[in-house]
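Below, each chain spelled out in residue letters.
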Amino acid sequence: MQDRWGEAGFARGWDQRNAARDNPDRGEQLDILAALLADAWRAGDWLLDLGSGSGQVEEMIFERVPSARAVGVDSSPPMMALARERLARFPGRFEGVEGAMEDLGRLAVPHAPFAFVLSSQALHEIPHPAKREAFAQAFRLLRPGGSFFILDRIEPAFAKLPASYQSVWDRLNRRAALAEPMSYAEYVAKYGGKKDHPARLEELIAWLEAAGFAAAPLYLHFNRVLIAARRGGVNSGGKTELSRPRPGRKV
């Protein structure tokens with residue numbers, strides 16, 4: 001089954017669904033992302049969101065980081081329309097660019113170079129070679145010291161460790177206290193049949209490093225990961241991520 005992002009009815013239904021049924025830990029993941037951005041944001045910074053969808057993540061960021069501004073790239077006109085509708089209450093803080101993130105090198109993207117590039121729950125939609133190209137373009141569009149944050153599904157090992165995965169899924173549902181949680185069997189059936197392209201964690205890190213980033217996972221739970229990748233150079237605070245003193249090193 002393939003998602004029909006170009007259909008207005010599908011896009012509206014996706015936007016109105018209870019996202020916690022598919023991802024009971026979504027709130028924790030977004031809270032970590034917001035903390036990373038809030039701590040690093042400086043006046044004048046812009047963020048580029050690859051696969052920005054209906055603007056749900058921008059809404060959360062704008063509420064948490066009052067000076068935040070974002071350019072969203074998305075290939076779905078209905079999703080972009082939803083984003084502009086949702087974010088109209090933040091005038092001057094969101095600009096949308098309709099286009100595929102795998103075509104980023106051919107899009108006219110304003111406000112580059114960016115302090116941050118973000119992709120939240122979108123990269124699994126494109127094939128692996130397209131991911132690698134998107135990583136290269138993200139590196140190009142970031143200023144020295146800029147950060148690329150990826151929050152996404154990764155390829156699971158459900159068939160290898162079904163009992164362990166089910167235990168963790170059931171725990172996530174208990175913590176979320178949903179009125180109608182999705183069972184583990186439903187989750188595996190839904191995502192096992194999707195025609196998308198989740199990568200293994202090791203692949204994502206290797207592709208980011210090949211693009212020039214220093215990268216590491218900051219959060220990994222069930223089949224969701226938050227990766228931080230940094231382009232080397234001077235960041236907005238005047239320091240370099242790669243030149244900070246190591247424990248025991250004299251400076």
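Our subject is the structure listed above.
A brief report on the enclosed structure follows. Quick caveat: nothing in here was measured; it's all calculated off a predicted structure.

As for helix H5 (residues 77-86)
Taken residue by residue, H5 has Pro78, Met79, Met80, Leu82 and Ala83 as its buried positions. Capping the start of H5 is the job of one residue whose side-chain oxygen sits 3.1 Å from the backbone nitrogen of Met79: Ser76.

Remarks on the environment of Arg175
By the element assignment, Arg175 lies in helix H7 (residues 162-176). Counting along the chain gives 151 residues from Arg175 to Pro24, while the straight-line C-alpha distance between them is 8.0 Å. Setting aside its immediate chain neighbours within four residues, Arg175 contacts Asp25 and His221.

Considering helix H8 (residues 184-192)
Where H8 is concerned, the buried positions are Tyr184, Tyr187 and Tyr191. When H8 is viewed along its axis, its buried side chains cluster within an angular range of 60 degrees and face the same direction. Along H8, exposed side chains directed more than 90 degrees from the buried face belong to Ala185 and Ala189. Packed against the buried residues of H8 are helix H2 (19-22), strand E5 (142-153), H7 and strand E7 (224-230).

A look at the pattern of salt bridges
It is possible for side chains of opposite charge to pair when their charged atoms get near one another. Scanning all chains against the criterion turns up 11 salt bridges. A salt bridge links Glu59 to Arg89, with the shortest nitrogen-to-oxygen separation between them at 3.1 Å. Taken together, the residues span a long stretch of sequence, with Glu59 in helix H4 (residues 56-64) and Arg89 in the loop between H5 and strand E3 (94-98) at a distance of 30 residues. What makes Arg89 partly exposed here is its relative accessible area of 48%. When the shortest N-O distance is used, the salt bridge between Glu98 and Arg84 registers 3.7 Å. With Glu98 in strand E3 and Arg84 in helix H5, this pair connects stretches of sequence that are 14 residues apart. You can call Glu98 partly exposed: its relative accessible area is 44%. Three or more residues are tied together by salt bridges with common partners; here these are Glu59, Glu63, Arg86 and Arg89.

Focus: the sheet that holds E7
Overall, mixed pairing links the 7 strands, which are arranged E3-E2-E1-E4-E5-E7-E6 in an open sheet. Taken across any chain shown, the strands that pair with only one partner, and hence form the sheet edges, are E3 and strand E6 (214-221). Strand after strand, the sheet turns through a mean of 15 degrees between neighbouring axes, direction not considered. For strand E1 (residues 47-50) and strand E4 (residues 114-120), the ladder comprises 3 bridges, and the chain directions are parallel. Bridge pairing links Leu48 to Val117 in E4. Where helix H3 (residues 26-40) meets the sheet, its contacts fall on E1, E4, E5, E6 and E7, and the angle it forms with E5 comes to roughly 175 degrees. The strands touched by H5 are strand E2 (70-74) and E3; relative to E3, the strand with the most contacts, the crossing angle is about 175 degrees.

Notes on the packing of aromatic side chains
Within the structure shown, the criterion is met by 15 aromatic pairs. On the basis of an interplanar angle of 85 degrees and a centroid distance of 4.8 Å, the ring pair of Phe158 and Tyr165 is categorised as edge-to-face. Taken individually, Phe158 and Tyr165 each receive the classification buried, so the pair is uniform in this respect. Relative to Tyr187, the ring of Phe158 has its centre 6.2 Å away and its plane inclined at 85 degrees; by these criteria the two rings are edge-to-face.

Description of the nonpolar core
Core analysis: the largest hydrophobic core is formed by 34 residues, its most contacted members being Leu48, Phe135, Phe148, Leu208, Phe213 and Ile227. At the level of secondary structure, the elements contributing two or more residues to this core comprise E1, E2, E4, helix H6 (128-141), E5, helix H9 (201-210) and E7. Apart from the residues within four sequence positions on either side, Phe148 is in contact with Val117, Leu118, Ser119, Phe135, Ala138, Leu142, Leu208, Phe213, Ile227, Ala228 and Ala229. Grouped together as the second largest cluster of nonpolar side chains are 26 residues, Leu47, Val65, Ala83 and Phe149 included.

What to know about the packing of H6 against H9
Between two packed helices, the angle of one axis relative to the other and the distance separating the axes together describe the packing. Where H6 meets H9, the axes come as close as 9 Å, and the angle between the chain directions of the two elements is 40 degrees. In terms of their interaxial angle, H6 and H9 are classed as oblique. Considering how the two elements wind past one another, H6 and H9 form a crossing that is right-handed. Between H6 and H9, the residues in contact are His128, Lys131, Arg132 and Phe135 and Glu203, Leu204, Trp207, Leu208 and Ala210, respectively. For the contact of H6 with H9, the per-class residue count stands at 5 nonpolar, 1 polar and 3 charged.

About the cut-offs
Residues numbered from 1 in each chain as written. Predicted model: local features only at pLDDT ≥ 70, side-chain atom pairs only at ≥ 80, totals over all residues. Heavy atoms only, no water. Buried < 20%, exposed > 50% of the residue type's maximum accessible area, 1.4 Å probe, protein only. Helix = DSSP H or I, 4+ residues; strand = E, 2+ residues; numbered from the N terminus. Polar contact = N/O pair within 3.5 Å; in protein donor to acceptor, adjacent residues only side chain to side chain. Contact = heavy atoms within 4.5 Å. Arc of directions from axis to C-beta. Salt bridge = Lys/Arg side-chain N within 4 Å of Asp/Glu carboxyl O. Pairing = 2+ DSSP bridges. Axes fitted to C-alpha atoms, helices over the stretch in contact; angles between N-to-C directions. Phe/Tyr/Trp six-rings, centres within 6.5 Å; stacked < 30°, edge-to-face > 60°. Core = buried A, V, L, I, M, F, W, Y, C linked by side-chain atoms within 4.5 Å. Parallel < 35°, antiparallel > 145°, perpendicular 65-115°, else oblique. Left-handed = near helix turned anticlockwise from the far one by under 90°. Nonpolar A, V, L, I, M, F, W, Y, C, P; charged D, E, K, R; others polar.

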